[in-house]
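# Structure at a glance
What follows is the residue order along each chain.
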Amino acid sequence: MKYPGKLYLVSTPIGNLEDITLRAIRILREVDIIFAEDTRYTGQLLYHFQIKKPLQSYHDHNERRQTQTLLQCLEQGKNVALVTDSGTPGICDPGFKAVRAFLEHGGQPEMVPGPCALVTALAGSGLATNAFYFGGFLPNKSGARDKRFQELAGRPETLIFYESPYRVVKTLEALKKIYGDRRVILARELTKKFEEFLRGTPEELIAHFKGRSPKGEFVILIEGSREAVRNGKE
Ligand code: SAM
């Protein structure tokens, strides 16, 4: 179905508010309504840019109902922006479900690209960027996480995951066990005041956190299998 209204997928900063694009600001100013993963969080972003718009929530727990509300808005000819808490909607957040639902109903969102944590981390990591594997969030359970690492052990591409600060050390321990001394990069608090790239083997990074808990947001990047690269798999 062709909708009279437009749906814009608008990327927002992953930390530094100056990273919002001019186009994102214009679209957020021009649309009739904004659907947001967390309306309070997005409310603060809009307040910063002096944008006043009606907000509707769209998250994992109301996605079915809110898909209908969103489609109704588009049918009524309203232009809608969809944003999530950070970065590019759809990348490891509920934006994905909105896009899927919209496509199933015959629509196609217009993209308003901008920051994305995995791309920012990869670009600053120094690891190979020509080919990479993005695995999203690792499984919570240690058995499933280790299995994932084992399955990926022979891959030549740079491996990238999002990780919670509470699991970083456990994940490093699993990497030490399964990948030995492969180079790992932790990209922490990207674009924020305490942004840093920590580099080392899993063992060195575990030592870095001895006596202190990891804090903030993390992307974990792991060098691809050197053997696979040598054997021309890249
Ligand atoms: N849609 C987002 C994007 O485009 O990157 C990702 C959303 S996902 C729910 C949130 C995860 O992304 C965090 O747990 C963290 O792993 C990563 N992340 C987001 N912002 C980050 C930042 N400023 N520094 C490091 N990692 C970040």
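To keep things clear, this report deals only with the structure shown in the data block. Throughout this description, residue numbers start from 1 for each chain and increase along the sequence as written. Residue-level local features of this predicted model are given only where pLDDT is at least 70; pairs of side-chain atoms are given and counted only at 80 or more, and the full residue set underlies all totals for whole chains, interfaces and linings. Excluded from the side-chain calculation are hydrogens and water; included are all heavy atoms of the structure.

Attention shifts here to the pattern of salt bridges. Think of a salt bridge as a Lys or Arg side-chain nitrogen and an Asp or Glu carboxyl oxygen that are within 4 Å of each other. Throughout the structure, instances matching the rule amount to 16 salt bridges. For Lys97, the salt bridge is made with Asp60, and the minimal N-O distance between the two is 3.6 Å. Of this pair, Lys97 sits in helix H4 (residues 95-104) while Asp60 sits in the loop between strand E3 (55-57) and helix H3 (63-75), and the two are 37 residues apart along the sequence. Here Lys97 falls in the partly exposed class, since its relative accessible area comes to 31%. The residue Arg226 makes a salt bridge to Asp181 at a minimum N-O spacing of 4.0 Å. Of this pair, Arg226 sits in helix H9 (residues 226-230) while Asp181 sits in the loop between helix H7 (168-179) and strand E8 (184-188), placing them 45 residues apart in sequence. When a residue's accessible area, from a 1.4 Å probe over protein chains only, is under 20% of the maximum for its type it is buried; when over 50% it is exposed; and in between it is partly exposed. The exposure class of Arg226 is partly exposed, given its relative accessible area of 43%. By the criteria applied, helices consist of DSSP H or I runs no shorter than four residues and strands consist of E runs no shorter than two, each listed in order from the N terminus.

The subject of this paragraph is the site of the ligand. Neighbouring the ligand are 19 residues, the closest being Ile14, Thr88, Tyr162, Leu190 and Phe218. Here a polar contact is recorded for every N or O atom pair within 3.5 Å, except that within protein the pair must consist of a potential hydrogen donor and a potential acceptor, and residues adjacent in sequence are included only if both atoms are side-chain atoms. Phe218 places a main-chain nitrogen or oxygen 2.6 Å from an oxygen atom of the ligand. Charged means Asp, Glu, Lys or Arg here, nonpolar means Ala, Val, Leu, Ile, Met, Phe, Trp, Tyr, Cys or Pro, and polar covers whatever is left, Gly included. For the shell around the ligand, a count of residues per class yields eleven nonpolar, three polar and five charged. In this document the domain limits rely on a domain assignment from an automatic tool or a database. There are two domains that each give the shell around the ligand at least three residues, and those are domain 1 (7-112) and domain 2 (117-230). Summary of the distance rule: residues count as near a molecule or strand when at least one heavy atom falls within 4 Å of that molecule or strand.

A separate point is the packing of aromatic side chains. We call Phe, Tyr and Trp rings a pair once their centres come within 6.5 Å, taking the six-membered ring for Trp, and we label the pair stacked below 30 degrees between planes, edge-to-face above 60, and tilted otherwise. Here the structure, examined in full by the defined rule, presents seven aromatic pairs. On the basis of an interplanar angle of 65° and a centroid distance of 5.8 Å, the ring pair of Phe137 and Tyr162 is categorised as edge-to-face. Pair noted here: Phe137 is in strand E6 (residues 132-137) and Tyr162 is in strand E7 (residues 158-163), with a separation of 25 residues, a long-range link. Accessibility expressed as a relative area gives 45% for Phe137, which makes it partly exposed. Among the aromatic residues, those joined into a cluster by ring pairs are Tyr133, Phe149, Phe161 and Tyr179. For a Lys NZ or an Arg CZ to count as sitting over a ring, it must be within 6 Å of the ring centre and within 35 degrees of the ring normal. Between the NZ or CZ atom of Arg182 and the centre of the ring of Tyr179, over which it lies, the distance is 4.2 Å.

Another point: unusual backbone geometry. Unusually for a residue other than glycine, Cys92 sits at a positive phi of about 55°. Within the fold, Cys92 resides in the loop between strand E4 (80-83) and H4. Residue classification places Cys92 among the partly exposed residues on the basis of a relative accessible area of 36%. Phi is positive for Thr191, which is not a glycine, with a value near 70°. Its place among the elements puts Thr191 in the loop between E8 and strand E9 (196-200). Exposure remark for Thr191: the relative accessible area of 19% places this residue in the buried category.

On to the pairing of E8, then. Counting buried positions along E8 gives five out of five residues, so the element sits mostly inside the fold. Across the two faces of E8 the burial is the same, with Val184, Leu186 and Arg188 and Ile185 and Ala187 all buried. In terms of strand pairing, E8 meets E9 through five bridges, oriented antiparallel. Considered in E9, the bridge of Ile185 is made with Arg199. When DSSP locates at least two bridges between a pair of strands, those strands are taken to pair. Summarising the sheet, E8 and strand E10 (residues 218-222) pair through five bridges and their orientation is antiparallel. Counted as the bridge partner of Val184 is Ile222 from E10.

Our focus in this paragraph is the pairing of E6. Sheet analysis places E6 next to E7, joined by four bridges and oriented parallel. If you follow Tyr133 over to E7, its bridge partner there is Leu159. Viewed along the sheet, the connection from E6 through helix H6 (residues 142-152) into E7 turns out right-handed. Here is how to tell: hold the view so the strands point away, follow the path from the first strand over the helix to the second, and if it runs clockwise the crossover is right-handed.

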